[in-house]
Amino acid sequence: MENKNKIIIAVVVVVVVAIVGYWIATKSGTNTAQNGPAGDAPAAVETPQGTAAAPGASAVTDEGKVVTQSGQVADNTAIPGSMAAPQQSAPITQSEAPASSVKLSVGNSVFSPTDFSVKTGSATTLVLTSVDSMTHVFKFRDASLQAVAVGIGPGETRLITFNAPTKSGEYEFFCDVPGHTARGETGKMIVK
Ligand SMILES: [Cu+2]
């Protein structure tokens with residue numbers, strides 16, 4: 001008789017643990033669905049100057065110009081990260097990137113794709129993702145684009161919106177982390 005009671009208690013405990021476990025799993029599943037990778041909504045934010053593709057990034061005006069927080073046209077020759085420069089965004093998920101953006105991944109000694117094309121003078125959003133366990137720093141070789149720089153930590157995605165050059169041509173980009181360019185992290189932007 002005593003053994004039978006012990007068995008019943010054990011069964012009840014197992015059932016309660018299973019129900020609580022299922023409830024916690026369901027609850028966290030709901031939270032993931034609310035914030036998570038399945039959420040394809042762009043991270044775009046409205047600012048007084050215009051629309052930014054993600055929090056922290058420079059806004060684009062209704063006229064299609066990338067501007068600073070004070071409303072000046074962003075200066076591609078400014079010191080990276082300075083007030084006059086186009087700003088990189090806070091970290092985002094890849095699915096939060098705008099559909100019209102140029103998406104680049106970097107890792108394992110290569111950019112993918114290695115080149116991309118943009119229209120002269122257009123407001124261009126570049127989305128950079130680190131796909132390995134390293135930090136990478138995207139930069140252009142030409143001084144006319146020195147302000148367009150994005151640093152991403154391991155596995156991180158960030159974007160930058162800038163005014164593409166008005167002069168057509170090829171603009172080389174590279175990873176500025178020591179040793180990464182030599183290993184093959186380079187590519188080119190074709191402006192036409
Ligand atoms: Cu790198």
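If you're wondering where the values come from, they're calculated on a predicted model, not measured in any experiment.

> Which residues make up the overall build of the protein chain, and what are the values?
Helix and strand counts for the protein chain come out as 1 helix and 13 strands. Beginning at the N terminus, the succession of helices and strands in the protein chain can be written as α-β-β-β-β-β-β-β-β-β-β-β-β-β. Counting over 192 residues, the protein chain shows a buried share of 30%. Relative to all contacts within the protein chain whose residues are 6 or more apart in sequence, the contacts with residues 24 or more apart total 62%.

> Tell me about the sheet that holds strand E2 (residues 51–52), residues and numbers included.
What the 4 strands build is an open sheet, ordered E1-E2-E3-E4; its pairing is antiparallel. Of all the strands in the sheet, the pair left with one neighbour each is strand E1 (45–46) and strand E4 (66–67). The pairing of E2 with strand E3 (residues 59–60) spans 2 bridges and is antiparallel. Bridging from a neighbouring strand, Thr51 pairs with Val60 of E3.

> Outline the sheet that holds strand E11 (residues 157–163), supporting the account with residue identities and numerical values.
If you walk across this open sheet you meet the 4 strands as E6-E5-E8-E11, and the pairing is mixed. Two strands close off the open sheet at either side, each with one partner strand: strand E6 (110–112) and E11. Across the sheet, the mean angle from the axis of one strand to that of its neighbour is 25°, orientation sign disregarded. Note: strand E5 (residues 102–107) against E6, 3 bridges, orientation antiparallel. Paired with Val106 across the strands is Phe111, a residue of E6.

> Before we move on, can you summarise the pairing of strand E9 (residues 136–140) with the specific residues and values?
In the case of a regular strand, side chains alternate between the two sheet surfaces. Here E9 shows a clear split, with His136, Phe138 and Phe140 buried on one side and none of Val137 and Lys139 buried on the other. The pairing of E9 with strand E10 (residues 150–152) spans 3 bridges and is antiparallel. Bridging from a neighbouring strand, His136 pairs with Ile152 of E10. Bridge analysis of E9 against strand E12 (residues 169–175) gives 3 bridges, and the strand direction is antiparallel. Bridging across to E12, Phe138 finds its partner in Cys175.

> Break down the environment of Thr68 for me, with residues and values.
For Thr68, the position within the fold is in the loop between E4 and E5. Placed 16 residues apart in sequence, Thr68 and Ala84 show a C-alpha to C-alpha distance of 6.2 Å. Other than its neighbours up to four places away in sequence, Thr68 contacts Ser58, Ala74, Met83 and Ala84.

> Give a description of the nonpolar core that names residues and reports values.
The nonpolar side chains of a soluble globular protein tend to be buried with one another. Ala54, Leu128, Val148, Leu159 and Ile160 are the most contacted members of the largest nonpolar core, which has 37 residues in total. The element best represented in this core is strand E8 (residues 123–130), accounting for 4 residues. Residues in contact with Val148, not counting those within four places in the same chain, are Asn76, Pro86, Phe140, Ile160 and Phe162.

> Break down the confidence of the model for the protein chain for me, with residues and values.
Considering every residue of the protein chain, the mean pLDDT works out to 87; 80% of them sit at 70 or more. Of the regions scoring below 50 in pLDDT, residues 11–17 engages in 0 contacts with residues more than four places distant in sequence or in other chains.

> Account for the environment of Val150, naming residues and giving values.
Within the secondary structure, Val150 sits in strand E10. Given 23 C-beta atoms within a 10 Å radius, Val150 is considered buried. Distance in space between the C-alpha atoms of Val150 and His136 is 8.2 Å, their sequence separation being 14 residues. Ignoring anything within four residues of it in the chain, the contact list for Val150 reads Gln88, Leu128, Phe138, Arg158 and Ile160.

About the cut-offs
Residues numbered from 1 in each chain as written. Predicted model: local features only at pLDDT ≥ 70, side-chain atom pairs only at ≥ 80, totals over all residues. Helix = DSSP H or I, 4+ residues; strand = E, 2+ residues; numbered from the N terminus. Buried ≥ 20, exposed ≤ 12 C-beta atoms within 10 Å, placed from the backbone. Contact = placed C-beta atoms within 7 Å. Pairing = 2+ DSSP bridges. Axes fitted to C-alpha atoms, helices over the stretch in contact; angles between N-to-C directions. Core = buried A, V, L, I, M, F, W, Y, C linked by C-beta atoms within 7 Å. pLDDT = per-residue confidence, 0-100.

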